[in-house]
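Chain by chain, the residues run as shown.
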Amino acid sequence: SAMFQVWLYQLSKAGKLCVPAMNVNDSVTKQKFDNLYCCRESILDGLKRTTDVMFGGKQVVVCGYGEVGKGCCAALKALGAIVYVTEIDPICALQACMDGFRVVKLNEVIRQVDVIITCTGNKNVVTRDQLDRMKNGSIVCNMGHSNTEIDVASLRTPELTWERVRSQVDHVIWPDGKRIILLAEGRLLNLSCSTVPTFVLSITATTQALALIELYNAPEGRYKQDVYLLPKKMDEYVASLHLATFDAHLTELSDEQAKYLGLNKNGPFKPNYYRYTFTHFKILKWGNILKLILTYCYCTRLFANT
Ligand SMILES: NC(=O)c1ccc[n+]([C@@H]2O[C@H](COP(=O)([O-])OP(=O)(O)OC[C@H]3O[C@@H](n4cnc5c(N)ncnc54)[C@H](O)[C@@H]3O)[C@@H](O)[C@H]2O)c1
């Protein structure tokens, strides 16, 4: 998990890692499947199993437009829900705008929304004060890593009554009779209330198996006592093994094309910094760095002369 991977990097930084380690969590195929594609499906599964609500025309706010948030937004939009997004990062906020979502502050929509979904990995994204202002019957749930995103502890006060209406579904009742439907007590909705498809497990398991094979087969000295990312070629291999499921046929580079693009015909097909999304800005290219340095020199000379 993400927490395990943080712990691995901390161990390595402290010089306490005694074997080479492979960070499979950040491999592209696994990331996209666990975060984007899996959440795009399981958000609806989790919401439907617990609430049986129709989402067409409902106003939903998704907090965080990272991989998980993007999946949730796409699924709810497809059902005809009116989706708002909250973000702290201007790049992800701009992506949300370009995908057709209104980017708002939670307080601007808190009184009108029917559903809040948190996907930030952050804490106290939804506070007691905001829960106090929500409409009767609104649904509150979390898709981020732990139960810290919604301040659930603040709802355990004597004036509020909790009523368990079915497994993983609580009604929190205010003194005036207002009810909020809290799912999975603020823990991960999909892990608590739906299932993980075998296709996603297959991607994860293949990634892990290949990482082990790579570490085992690597010549002495290639990997030291450090944390490594799965080589891009292996990431591509995991993806190619799963293409057959869709009867997808890959195009092969001709010798001439491979030469033109400066690629090996068998991959890897992208540089390591390639992110497979809009956020892949090419600022790391040497040409661009040179342009930045030249512009900087030009400007400093310009100002020195005035
Ligand atoms: N439910 C699942 O199955 C599942 C799967 C994968 C990951 N996760 C968890 O979901 C969380 C998000 O994962 P991700 O891959 O989308 O991460 P991410 O970093 O791509 O996205 C999180 C986004 O939230 C934004 N954000 C942070 N604080 C915010 C705030 N206060 N208000 C609004 N936006 C805020 C960030 O700018 C970022 O864009 C992580 O905690 C991850 O562990 C859950």
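A brief structural summary. (Residues numbered from 1 in each chain as written. Predicted model: local features only at pLDDT ≥ 70, side-chain atom pairs only at ≥ 80, totals over all residues. Heavy atoms only, no water.)

### Concerning the pattern of salt bridges
Working step 1: Considering all chains together, one arrives at 14 salt bridges under this definition.
Working step 2: Measuring nitrogen to oxygen at the nearest pair gives 2.9 Å for the salt bridge that ties Asp170 to Arg164.
Working step 3: Taking relative accessible area as the criterion, Asp170 reaches 4% and is therefore assigned buried.
Working step 4: You can call Arg164 partly exposed: its relative accessible area is 47%.
Working step 5: A single network of salt bridges, built from pairs that share partners, joins Arg156, Arg164, Asp170 and Glu185. (Salt bridge = Lys/Arg side-chain N within 4 Å of Asp/Glu carboxyl O. Buried < 20%, exposed > 50% of the residue type's maximum accessible area, 1.4 Å probe, protein only.)

### Regarding the site of the ligand
Working step 1: Near the ligand lie 22 residues; those nearest to it are Asn35, Val68, Glu87, Met143 and Asn190.
Working step 2: One nitrogen or oxygen atom from the side chain of Glu87 is found 2.6 Å from an oxygen atom belonging to the ligand.
Working step 3: Between the ligand and Asn122, the relevant distance is 3.0 Å, taken from a nitrogen atom to a side-chain nitrogen or oxygen of the residue.
Working step 4: When the ligand sits alone it has 860 Å² of accessible area, and the protein chains cover 77% of it.
Working step 5: Those elements giving two or more residues to the shell around the ligand turn out to be helix H2 (28-51) and helix H3 (67-78).
Working step 6: For the shell around the ligand, the leading source of residues is H2, giving three residues.
Working step 7: Of the residues contributing to the shell around the ligand, the split by class is eight nonpolar, 10 polar and four charged. (Near = heavy atom within 4 Å. Polar contact = N/O pair within 3.5 Å; in protein donor to acceptor, adjacent residues only side chain to side chain. Areas by Shrake-Rupley, 256 points an atom, 1.4 Å probe, with all protein chains shown as cover. Helix = DSSP H or I, 4+ residues; strand = E, 2+ residues; numbered from the N terminus. Nonpolar A, V, L, I, M, F, W, Y, C, P; charged D, E, K, R; others polar.)

### Regarding the nonpolar core
A general tendency of soluble globular proteins is for nonpolar side chains to be buried together.
Working step 1: Core analysis: the biggest nonpolar cluster contains 31 residues, and Ile43, Leu47, Leu76, Ile117 and Met143 have the highest contact counts within it.
Working step 2: Looking at which element gives the most residues to this core, the answer is H3, with five residues.
Working step 3: If we ignore the near neighbours within four places in the chain, the residues touching Leu76 are Leu44, Leu47, Phe55, Val60, Ala81, Val83 and Ile117.
Working step 4: Within the second largest apolar cluster, 21 residues are counted, among which are Leu106, Ile110, Ile116 and Ile180. (Core = buried A, V, L, I, M, F, W, Y, C linked by side-chain atoms within 4.5 Å. Contact = heavy atoms within 4.5 Å.)

### Quick notes on unusual backbone geometry
Working step 1: A cis amide bond links Gly267 to the next residue, Pro268, at an omega of -5 degrees.
Working step 2: Following the sequence through the fold, Pro268 ends up in the loop between helix H10 (255-261) and helix H11 (286-305).
Working step 3: The backbone phi angle of Asp52 is positive, close to 55 degrees, even though this residue is not glycine.
Working step 4: With respect to the helices and strands, Asp52 occurs in the loop between H2 and strand S2 (59-63).
Working step 5: For Gln168, which is not a glycine, the phi torsion comes out positive at approximately 70 degrees.
Working step 6: Its location among the elements puts Gln168 in the loop between strand S7 (161-166) and strand S8 (169-173).

### Some remarks on a nonpolar patch on the surface
Working step 1: On the surface, a nonpolar cluster with roughly 280 Å² of combined accessible area is contributed by Leu191, Val196 and Leu201.
Working step 2: With respect to the element layout, Leu201 can be found in helix H8 (residues 198-217). (Patch = residues over 30% accessible without salt bridge, like charges linked within 9 Å, V, L, I, M, F, W, Y side chains within 5 Å.)

### Digging into the pairing of S7
As a general feature of sheets, a regular strand has side chains that alternate between the two faces.
Working step 1: Pairing between S7 and S8: five bridges, direction antiparallel. Its bridge partner lying in S8, Trp162 is registered against Val172.
Working step 2: Between S7 and S8, which pair antiparallel one after the other, the connecting turn spans two residues, and Gln168 there sits at a positive phi close to 70 degrees. (Pairing = 2+ DSSP bridges.)

So far we have only geometry, and geometry alone does not tell us how the molecule works.
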